[in-house]
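Read off the chains here:
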Protein chains: 2
Amino acid sequence: MSKHASLPGFRDFHPEEMARRTQVMSAWREVARRYGFEEYDGPPLESLELYIEKSGPEIVNQLFNFTDKGGRDVALRPEMTPTLVRMLGTKIKGMPRPVRWYSTPQLFRYEKQQRGRLREHFQLNMDIIGEESVLSDADLLASALDVLRILGLTAADVVARVSDRRLLHAALVELGVTEESMAIAYNVIDKVERDPRELCLARLGEIGLDRDRAGKALSLTDMTLDQFAAAHPGNEVIAKVADDLRVYFAALASLGFGDWATFDMKIVRGLAYYTGIVFEIFDRKGELRAICGGGRYDRLFSALAGVDVPALGFGFGDVVLGELLKDRGLAATASRQLDAVVVAVDDSSREAALQTVARLRGAGRAVIFPYRTGAVGKALKAASSSGARDAIMIGPDEAARGVMKVKRLADGSERETTVEEYLAGTT
Amino acid sequence: MSKHASLPGFRDFHPEEMARRTQVMSAWREVARRYGFEEYDGPPLESLELYIEKSGPEIVNQLFNFTDKGGRDVALRPEMTPTLVRMLGTKIKGMPRPVRWYSTPQLFRYEKQQRGRLREHFQLNMDIIGEESVLSDADLLASALDVLRILGLTAADVVARVSDRRLLHAALVELGVTEESMAIAYNVIDKVERDPRELCLARLGEIGLDRDRAGKALSLTDMTLDQFAAAHPGNEVIAKVADDLRVYFAALASLGFGDWATFDMKIVRGLAYYTGIVFEIFDRKGELRAICGGGRYDRLFSALAGVDVPALGFGFGDVVLGELLKDRGLAATASRQLDAVVVAVDDSSREAALQTVARLRGAGRAVIFPYRTGAVGKALKAASSSGARDAIMIGPDEAARGVMKVKRLADGSERETTVEEYLAGTT
């Protein structure tokens with residue numbers, strides 16, 4: 001069996017890798033808890049139709065899909081939102097709003113095999129359903145940023161770039177872009193940082209923008225919010241959205257993330273379903289892909305579940321974040337923390353030693369004991385290399401007197417104590 | 001999309017079900033931590049061959065298997081041990097032993113559709129690799145029982161029934177069972193509680209045991225360990241294993257689980273690979289299937305990975321345990337615990353309110369705020385029904401003075417305090 005490897009694009013998590021996964025997962029859960037989100041999960045295997053309905057039949061090329069033994073067309077989940085809509089769709093009408101739900105699923109895509117391209121990853125999904133207020137958008141982004149803060153990153157390491165689909169839409173309409181050409185215009189703006197300026201102008205030309213208006217469209221992407229608003233006097237949609245965004249950024253600042261977010265019209269988000277504020281979080285050095293992305297998708301529940309309810313959310317994967325933490329020296333290293341190794345000096349002390357093990361574990365301490373009695377020197381050596389804080393030795397004398405010898409392995413200091421004193425930390 | 005359900009045999013975890021899953025998962029992890037186990041995980045999708053090699057080609061009928069877009073025969077993992085052996089097989093030689101590893105995978109089987117029969121479940125796997133001592137067997141069973149204890153169950157609720165493959169094997173050899181017929185004899189013993197006595201005798205007759213010896217074989221299953229040893233004088237294997245088991249039960253008692261375990265020759269374990277002590281944990285009332293089962297499988301690494309290393313482990317699923325916790329009224333109910341809802345009395349107090357939210361969350365409190373300002377009465381009502389402990393109100397006067405009004409929702413009592421005092425618990 002050693003000849004088998006894991007499948008290409010799938011990770012094994014040995015304890016050292018698992019420690020890093022747990023570090024990220026714990027930060028995700030802790031933030032979700034602090035922000036009052038409730039956890040849910042769905043099956044990793046769903047009906048294939050669920051994904052086709054949301055993303056069209058092309059999605060199938062990217063899926064792990066198959067026909068099961070009952071003849072059902074099924075797929076490993078590539079994203080969580082369809083499951084969220086399926087689970088909430090029928091129930092949301094009777095629930096107090098807004099609903100704050102989160103999940104940390106493993107997701108699967110049959111990606112083309114490339115270096116560093118995985119076919120699975122874990123992703124925090126946080127969604128707020130049933131709320132239109134821009135304060136919910138601010139609270140949602142704050143939660144994503146708080147994950148990074150809890151992990152030790154700062155506003156010097158990362159930045160959330162924020163835009164609003166409605167602004168871009170209104171400005172492009174002013175410039176004469178038609179609804180039919182809107183997707184192409186979005187795509188040009190989305191790629192403005194990567195594509196040469198001439199290509200961008202040419203592509204906008206193809207959808208009917210002359211060179212002057214195409215240049216104006218591109219110049220939108222460098223504006224501050226105030227510049228953008230000032231550049232569109234009399235446009236009521238833009239005035240209203242700009243006011244919303246000012247409330248949004250003020251709320252983010254009050255929530256402690258003023259330095260972490262910036263207005264940036266270049267953020268479009270690939271997915272077609274966003275309807276309002278959208279954001280992506282990047283490392284400031286720009287070395288990595290987006291860490292997290294999301295936004296408002298007010299029409300998805302209506303389209304898929306027939307329930308007209310506003311919603312917003314994000315997906316926050318473990319892979320780019322993991323790279324960033326490693327780069328910054330913030331990744332977890334220890335795969336376990338042992339408080340003590342309890343060593344029975346001889347067979348006659350075993351009962352007392354195991355009772356001590358049980359009492360320490362019962363009080364929440366992480367404790368192991370050698371499975372062979374005797375060789376105390378060897379046991380102490382193993383205790384040291386196990387990373388345990390203490391070696392606790394119990395011989396016939398200690399057993400008779402109800403005490404134990406505690407050796408602090410970092411400095412070799414020894415003391416005699418009782419279990420009670422040890423647990424109380426008084427020795 | 002609301003028309004789609006989850007696939008048959010797959011569970012959706014709404015927050016209330018997720019709370020129960022988290023309760024079990026937390027107990028699993030907490031015990032694994034206390035017992036010094038390190039967490040690992042593998043991919044949910046593995047090469048089909050991995051499972052065929054361990055269990056033979058018949059296993060394929062029970063799997064979610066398919067050919068992926070790269071032409072690989074793959075399967076959703078039905079159990080964790082093949083992954084464990086794959087991951088450790090090549091590395092175990094260089095690792096300090098014993099290795100204590102645990103995992104909590106979701107596992108998948110294409111079971112025949114029946115009421116209550118699921119096609120997925122979560123399973124705690126704890127394994128000790130590289131240790132022969134019977135004390136490791138005792139420690140392993142103690143960890144499984146400690147999960148139950150941490151969840152509020154007692155020795156009055158559950159019992160671990162323990163046997164040893166070597167005892168049964170030696171006794172059956174004494175009675176004249178050949179190696180070729182051993183599997184059939186095991187199967188008869190395994191079913192002795194369910195099958196009529198005459199059927200058991202007849203099946204043993206078919207493999208050459210006369211009625212007297214067949215009766216003796218069946219009578220083995222009611223013996224205590226001492227009776228069993230006394231019934232086989234001069235059998236060195238049985239004498240040695242009986243001594244080991246006495247050490248095992250004594251160690252279990254020292255570890256606090258003397259009342260939780262009993263010797264029971266009727267425990268055989270279906271899987272062919274067990275080589276020593278085996279156990280299954282049941283509810284004492286006998287209403288449910290086995291809660292947990294495992295034992296020693298010293299030859300599996302040798303057979304599958306070509307590395308001769310002893311090993312033992314168990315699988316502990318979430319479904320039967322979940323039923324037991326519900327039956328005993330011990331299942332978790334709350335899907336989240338909110339410390340406070342912070343209400344800004346008007347727009348001018350929003351900044352102070354959000355700053356308060358940020359400080360409370362930063363100190364680890366679970367806090368939400370209404371996404372619309374105004375309607376304080378409505379906000380307080382929502383706070384009550386959210387299950388939060390406190391409603392915190394901040395108006396212009398409180399904001400100016402740097403204080404907040406705290407209403408304890410359980411009794412309606414109100415007090416004015418600062419964030420510092422609130423966090424210190426001094427008001």
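Just so we're clear, the structure is a prediction, and the values are computed from it rather than from any experiment.

Rules of the game
Residues numbered from 1 in each chain as written. Chains lettered and ligands numbered in written order. Predicted model: local features only at pLDDT ≥ 70, side-chain atom pairs only at ≥ 80, totals over all residues. Heavy atoms only, no water. Helix = DSSP H or I, 4+ residues; strand = E, 2+ residues; numbered from the N terminus. Rg over C-alpha atoms; globule rule 2.2 N^0.38 Å. Buried < 20%, exposed > 50% of the residue type's maximum accessible area, 1.4 Å probe, protein only. Contact = heavy atoms within 4.5 Å. Areas by Shrake-Rupley, 256 points an atom, 1.4 Å probe, with all protein chains shown as cover. Lys, Arg positive; Asp, Glu negative; His and termini not counted. Charge placed at Lys NZ, Arg CZ, Asp CG, Glu CD. Pairing = 2+ DSSP bridges. Axes fitted to C-alpha atoms, helices over the stretch in contact; angles between N-to-C directions. pLDDT = per-residue confidence, 0-100. Buried area = accessible area lost by both parts, 1.4 Å probe. Salt bridge = Lys/Arg side-chain N within 4 Å of Asp/Glu carboxyl O. Polar contact = N/O pair within 3.5 Å; in protein donor to acceptor, adjacent residues only side chain to side chain. Nonpolar A, V, L, I, M, F, W, Y, C, P; charged D, E, K, R; others polar. Phe/Tyr/Trp six-rings, centres within 6.5 Å; stacked < 30°, edge-to-face > 60°. Lys NZ or Arg CZ within 6 Å of the ring centre and 35° of its normal. Least-squares fit on C-alpha atoms with pLDDT ≥ 70 in both. Parallel < 35°, antiparallel > 145°, perpendicular 65-115°, else oblique.

**Student:** I keep staring at the overall build of chain A and nothing clicks. Help me out?
**Tutor:** Within chain A one finds 16 helices and 17 strands. Against the globule reference of 22 Å for 427 residues, chain A gives a C-alpha radius of gyration of 28 Å, more extended than a compact globule. Summarising its shape, the C-alpha atoms of chain A cover approximately 95 × 55 × 45 Å along the three principal directions. A buried classification covers 58% of the 427 residues belonging to chain A. The contacts in chain A between residues at least 6 apart in sequence include a share of 67% that link residues at least 24 apart. If you sum the accessible surface of chain A, you get close to 17,200 Å²; carbon and sulfur atoms cover 49% of it. The centroid of the 57 positive side-chain charges in chain A is displaced by 5 Å from the centroid of its 61 negative side-chain charges.

**Student:** What's the story with the sheet that holds strand 4 (residues 73-76) of chain A in this structure? I'm lost.
**Tutor:** Pairing between the strands of a sheet is mediated by backbone hydrogen bonds and can be parallel or antiparallel. Residue and element names in this part refer to chain A. Strand order in the open sheet formed by three strands is 2-4-3, and the pairing between neighbours is antiparallel. If you trace the sheet from one side to the other, it starts and ends with strand 2 (45-47) and strand 3 (65-67), each paired once. When the angles between neighbouring strand axes are averaged without regard to direction, this sheet yields 35°. When strand 3 meets strand 4, the two strands line up antiparallel, connected through three bridges. Among the inter-strand pairings, Thr 67 is bridged to a residue of strand 4, identified as Asp 73. Strand contacts of helix 2 (residues 48-55): strand 2, strand 3 and strand 4, with the helix running at about 65° to strand 2, the strand carrying the most contacts.

**Student:** I tried to follow the confidence of the model for chain A on my own but got confused; where do I start?
**Tutor:** The predicted coordinates of low-pLDDT regions are not to be read in fine detail. Here chain A shows a mean pLDDT of 94. Residues at 70 or above account for 98%. Interface confidence in the predicted complex, given as ipTM, is 0.95; pTM for the same model is 0.95.

**Student:** Even after reading the chapter, I still don't get the interface of chain B and chain A, so can you show me in this structure?
**Tutor:** Quoted interface sizes are often the accessible area lost when the parts come together. Every contact between the two is made by 95 residues of chain B and, on the other side, 95 residues of chain A. Both sides together, the interface formed by chain B and chain A hides about 8,300 Å², and carbon and sulfur atoms give 57% of it. At the boundary of chain B and chain A, one finds eight salt bridges. Between Asp 41 of chain B and Arg 21 of chain A there is a salt bridge whose closest N-O contact spans 2.9 Å. At the junction of chain B and chain A, the tally comes to 38 residue pairs in polar contact (both at pLDDT 80 or more). In terms of residues, the side of chain B that touches chain A owes the most to one element, helix 13 (residues 350-362) of chain B, which gives eight residues. Class assignment for the residues of the side of chain B that touches chain A results in 44 nonpolar, 21 polar and 30 charged.

**Student:** It is not clear to me how the side chain of Asp 139 of chain B should be interpreted in this structure. Could you clarify?
**Tutor:** Inspection of the secondary structure puts Asp 139 of chain B in helix 4 (residues 134-150). For Asp 139 of chain B, a relative accessible area of 1% puts it in the buried group. In terms of polar contacts, Asp 139 of chain B uses its side chain to reach the side chain of Tyr 371 of chain A, at 2.6 Å. When residues no more than four places from it in sequence are discounted, the contact partners of Asp 139 of chain B are Arg 361, Phe 369 and Tyr 371 of chain A together with Tyr 35 and Leu 255 of chain B.

**Student:** Would you take a moment to explain the packing of aromatic side chains for this structure?
**Tutor:** Overall, the coordinates contain 29 aromatic pairs over all chains when judged by the stated rule. On the numbers, 5.6 Å between centres and 70° between planes, the contact of Phe 10 of chain A with Phe 64 of chain A is edge-to-face. With Phe 10 of chain A in the segment before helix 1 (15-34) and Phe 64 of chain A in the loop between helix 2 and strand 3, this pair connects stretches of sequence that are 54 residues apart. The two residues Phe 10 of chain A and Phe 64 of chain A agree in class, both being buried. For the ring pair Phe 13 of chain B and Phe 122 of chain B, a centre distance of 6.1 Å and an interplane angle of 70° mean the geometry is edge-to-face. Residue Phe 13 of chain B is found in the segment before helix 1 (15-34), and its partner Phe 122 of chain B is found in strand 7 (residues 120-129); the two are separated by 109 residues along the sequence. Phe 122 of chain B shares its class with Phe 13 of chain B; the two are buried. Among the aromatic side chains, those forming a connected cluster through ring pairs are Phe 10, Phe 64, Phe 108 and Tyr 110 of chain A. Against the face of Tyr 110 of chain A rests Arg 119 of chain A, its NZ or CZ located 3.9 Å from the ring centre. In this structure, Arg 21 of chain B packs its charged tip against the face of Phe 13 of chain B, placed 4.6 Å from the ring centre.

**Student:** How should I be thinking about the environment of Lys 216 of chain A in this particular structure?
**Tutor:** Relative to the helices and strands, Lys 216 of chain A is located in helix 8 (residues 211-219). Lys 216 of chain A sits in the partly exposed class, given a relative accessible area of 46%.

**Student:** Any chance you could explain the sheet that holds strand 3 (residues 65-67) of chain B here in plain terms?
**Tutor:** Residues and elements named next belong to chain B. The antiparallel open sheet is built from three strands, whose spatial order is 2-4-3. Strand pairing shows two members of the sheet lacking a second neighbour, strand 2 (45-47) and strand 3, which therefore form its edges. Averaged over all adjacent pairs, the angle separating strand axes in this sheet is 35°, with direction ignored. The sheet contact formed by strand 2 and strand 4 (residues 73-76) spans three bridges and is antiparallel.

**Student:** Help me out: how do you make sense of the relation of the copies chain B and chain A in this one?
**Tutor:** Put simply, the second copy of the chain is the first one after a rotation about an axis and a shift along it. Overlaying chain B with chain A gives an RMSD of 0.1 Å, the required rotation being 180° about an axis along which the chain moves by 0.0 Å. Overall, the copies show the geometry of a two-fold rotation axis. For chain B, the residue whose C-alpha comes nearest the rotation axis is Phe 66 of chain B, separated from it by 3.1 Å. Comparing interface residues between copies, 100% of those in chain B also sit at the interface in chain A, which points to an isologous, same-surface contact.

**Student:** What's the story with helix 12 (residues 318-327) of chain B in this structure? I'm lost.
**Tutor:** The periodicity of an α-helix, 3.6 residues per turn, causes residues three or four positions apart to be oriented the same way. Buried within helix 12 of chain B are the following residues: Asp 318, Val 319, Val 320, Leu 321, Leu 324 and Leu 325 of chain B. Gly 329 of chain B, located one to two residues past helix 12 of chain B, shows a positive phi value of around 70°.

**Student:** How do you make sense of the side chain of Asp 390 of chain B when you look at a structure like this?
**Tutor:** Assignment of secondary structure puts Asp 390 of chain B in strand 15 (residues 390-394). Excluding anything up to four places from it in sequence, Asp 390 of chain B contacts Asp 339, Ala 340, Val 341, Val 406, Lys 407, Arg 408, Leu 409 and Tyr 422 of chain B.

**Student:** Just checking my understanding: could you explain the pattern of salt bridges for this structure?
**Tutor:** When charged atoms on two side chains of opposite charge get close, those side chains can pair. One pass over the full model with this rule turns up 72 salt bridges over all chains. Arg 296 of chain A is the salt-bridge partner of Asp 298 of chain A, the closest N and O atoms lying 3.0 Å from each other. We note a salt bridge from Lys 216 of chain B to Asp 212 of chain B, for which the minimum N-O separation is 3.8 Å. Of this pair, Lys 216 of chain B and Asp 212 of chain B both sit in helix 8 (residues 211-219), four residues apart, which is roughly one turn of the helix.

**Student:** What should I look at first to understand the packing of helix 2 (residues 48-55) of chain B against helix 3 (residues 81-89) of chain B in this one?
**Tutor:** When two helices pack together, you describe them by how their axes are tilted relative to each other and by the distance separating the axes. Residue and element names in this part refer to chain B. Between helix 2 and helix 3, the least distance of the axes is 10 Å, while the angle of their chain directions is 105°. Between helix 2 and helix 3, the crossing angle belongs to the class labelled roughly perpendicular. Here Leu 50, Tyr 51 and Lys 54 of helix 2 lie close against helix 3, whose contacting residues are Pro 82, Thr 83 and Arg 86. Residues belonging to the contact of helix 2 with helix 3 are distributed by class as follows: three nonpolar, one polar and two charged.

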